[in-house]
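Working through the structure, step by step
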Amino acid sequence: MGRFLGFGFTLTLLFCMAQGKVLHYDFVVKETPINMLCETNRSVLTVNGLFPGPEIRAHKGDTIYVNVTNIGPYGVTIHWHGVRQIRYPWSDGPENITQCPIPTNSSFLQKVILTEEEGTLWWHAHSDWTRATVHGPIIILPINDTNYPYKFDEQHTIVIAEWYARDTKAIIDEALATGGDPDLSVAYTINGQPGDSYPCSNGSAYNITVVQGKTYLFRIIHSGMNEEMFFGIAKHNLTVVGMDGAYLKPLKTNYLMITPGQTMDVLVTANQAPGRYYMVFSPFVDTNAPSNDNVTRAIFQYNGNYNHSETPLLPELPGFTNKSDAGNFTIQLRSLNSEEHPSKVPTKITRNITIAVSVNQQPCPANTTCTGPQGAMHSASLNNISFWAPSISILQAYYNNLQGVYNKTFPDTPPFVFDYTGNVSALGEAANVSTEVLMINYNEEVEIRFQGTNFGAAENHPMHLHGYSFYVVGMGDGNFSDSYVSQYNTVNPPYVNTVGLPKNGWTAIRFKADNPGVWFMHCHLERHASWGMDTVIVVGDGAKKHQKVLPPPKDMPPCSVS
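None of these values were measured; they are calculated from a predicted model.

Remarks on the sheet that holds strand E8 (residues 78–81)
On the basis of which strands lie adjacent, the open sheet formed by four strands has the order E6-E11-E10-E8 and mixed pairing. The outermost strands of the open sheet, each flanked by one partner alone, are strand E6 (56–59) and E8. When the angles between neighbouring strand axes are averaged without regard to direction, this sheet yields 20°. One ladder, built from four bridges, connects E8 with strand E10 (residues 119–125); its direction is antiparallel.

Considering the UniProt feature "domain: Plastocyanin-like" (unreviewed entry) in the protein
When the UniProt feature table is mapped to this numbering, "domain: Plastocyanin-like" (unreviewed entry) covers residues 29–142, 155–305 and 410–541. Secondary structure content for residues 29–142 is 0% helix and 42% strand, while the C-alpha to C-alpha distance between its ends is 30 Å. Helix makes up 5% of residues 410–541 and strand makes up 42%, while its end C-alpha atoms are separated by 19 Å.

Thoughts on the environment of Ser393
Relative to the assigned elements, Ser393 resides in the loop between strand E25 (385–387) and helix H3 (394–399). Residue Ser393 is classed as buried on the basis of its relative accessible area, which comes to 2%. The spacing of Ser393 and Cys100 is 293 residues in sequence and 5.8 Å in space, taken between C-alpha atoms. In this structure the side chain of Ser393 is engaged in a polar contact, spanning 3.2 Å, whose partner is the backbone nitrogen of Leu395.

Re the pattern of salt bridges
Counted by the stated rule, this structure contains 18 salt bridges. Put simply, Arg84 and Asp514 hold a salt bridge, and the shortest N to O gap is 2.8 Å. You can see Arg84 sitting in the loop between E8 and strand E9 (106–113) and its partner Asp514 sitting in the loop between strand E33 (505–512) and strand E34 (517–523), a full 430 residues away along the chain. Residue Arg84 is classed as buried on the basis of its relative accessible area of 1%. A salt bridge links Arg510 to Glu447; its shortest N-O distance comes to 2.9 Å. Residue Arg510 is located in strand E33, and its partner Glu447 is located in strand E28 (residues 445–452); the two are separated by 63 residues in the primary sequence. When salt bridges with common partners are traced through the structure, they connect Glu447, Arg449, Asp482 and Arg510 into a single cluster.

Focus: the sheet that holds E34
A sheet is described by the order of its strands in space; here five strands give the open sequence E27-E35-E34-E29-E32, paired in mixed fashion. The outermost strands of the open sheet, each flanked by one partner alone, are strand E27 (437–440) and strand E32 (498–501). Strand-to-strand twist in this sheet, taken as the mean axis angle between neighbours without regard to direction, amounts to 20°. Of the strand pairs in this sheet, strand E29 (residues 461–465) and E32 are connected by four bridges, and their pairing is antiparallel. Bridging from a neighbouring strand, Pro462 pairs with Gly500 of E32.

Things to note about the pairing of E6
Taking every second residue as pointing to the same face, the buried face of E6 carries Ile56 and Ala58, while none of Arg57 and His59 on the other face is buried. Strand direction decides the pairing type here: E6 and strand E11 (residues 135–141), joined by four bridges, are parallel. Paired with Arg57 across the two strands is Ile139, which belongs to E11.

A closer look at the pairing of strand E23 (residues 351–362)
For E23, the buried fraction is high: ten of the twelve residues fall into the buried class. Taken together, the seven bridges between E23 and E28 define a ladder with parallel strand orientation. Of the residues in E28, the one forming a bridge with Asn352 is Glu447. Examined bridge by bridge, E23 and strand E24 (residues 377–382) share six bridges and lie antiparallel to one another. The partner of Gln361 across the bridge, within E24, is His378.

Calculation notes
Residues numbered from 1 in each chain as written. Predicted model: local features only at pLDDT ≥ 70, side-chain atom pairs only at ≥ 80, totals over all residues. Heavy atoms only, no water. Pairing = 2+ DSSP bridges. Helix = DSSP H or I, 4+ residues; strand = E, 2+ residues; numbered from the N terminus. Axes fitted to C-alpha atoms, helices over the stretch in contact; angles between N-to-C directions. UniProt positions renumbered as here; feature names shortened; annotations may be inferred. Buried < 20%, exposed > 50% of the residue type's maximum accessible area, 1.4 Å probe, protein only. Polar contact = N/O pair within 3.5 Å; in protein donor to acceptor, adjacent residues only side chain to side chain. Salt bridge = Lys/Arg side-chain N within 4 Å of Asp/Glu carboxyl O.

Now the structure itself:
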């Protein structure tokens, strides 16, 4: 797929100079018949006819060109989740943030610039709800293929997804028009298979055959839309060694808690009696909002002689509503912080930002029937601003200094202080609907404190930032207090691009604003993002040439066509 050009290119983060290959991939976005459950004659949007989509495999420091051709029924964009895209937001992908959709019967050559990333990431559509079926892995290998900080014998990629009974674009279009809840998914899938617990799915469970005594690297990707997950394998322990394209200090556990958007690299040693064991994804639900309480199962089976007809054993996973076990898993994660992979946590904070994260309601428009709570419309907000995407790209407007597209007034703090996680019944739940961006100067050392609130159906929010990974220095329940700063982990906090904000709790992250451009920040629960739980961070150019946003490519999708 790739050819060696032997050119040097400057990396602006951890490296002075690196040699990398240039790789080429072709993606064709099209409708494809997929037989799932009891459905017949159903087509969904895919890349290259695959669900999940094709794997991108590269080495640290490579540059990847992906020619995305859209022959689907409507415009679409592709995002390279967790790739920092240093100085090159033009290929980042979120619709009307860094580009307009790729129109039907046209192409866009996207440049994916790998720098510090190493491990497992993923790509997905970033327009409407098309990422439900338009997604796939990005596997980033060490530079010389041998210097993993851990040992394993074989590796497997595991993609968890949600399956819907009808077209996901129609689902979210209808929900936004009426203000009601969007349809729930009807199943979860593992590598495109719903497992053997669903109707019409007998024999369809994904399975992995293992050899006793060998150790396996599982690259787990949560591409699901709206539900967080527990994961485990019956009778087998897990060792988490990586997350979101960065290494972790090995964490031994018997279950994972993984949110939409996150990836985890996990070691599993086949050290049990030969037999068949279920691998199970089970939802974590800490809200009274509607949810899909199904599970999905795959099979971890040994080779050799034993009764292969016996029912596999099930793992013991935390219950659906076990908030304690979900939080206890997350707070144990630590960066590897080795000589080869050091932690570089910002400690001289020059910009401190607090963002209240809320599920809201908006009044029903006049002469309209709405199906949200009490006849209102579902909404969501950051600092009481419900994001409204413009009809052209914010990046295009920023780069070309176009006026009237967005306001530079996203606040550094909530508009007023209240008991965020207490009784909020006396407060209005409507937010301001507008297009506000958060302006940050180049090279500032930034701390963002996400504060969950008790508005609406409060729950855990997986917050994702484009263009950056960040250090999670603190997390807790209740309202944040400045006294918690002394308890931060600034030695080896996890370095991730997506973090769960606990229900009615807080999370503090830090990063250095060394990547100029326009970068989306949003909840990775798709219904919340669709309701406005988003904002845009604009990091200004630095003074030097290598600190400025690079020019756009000539084939950017036009903003006059949807």
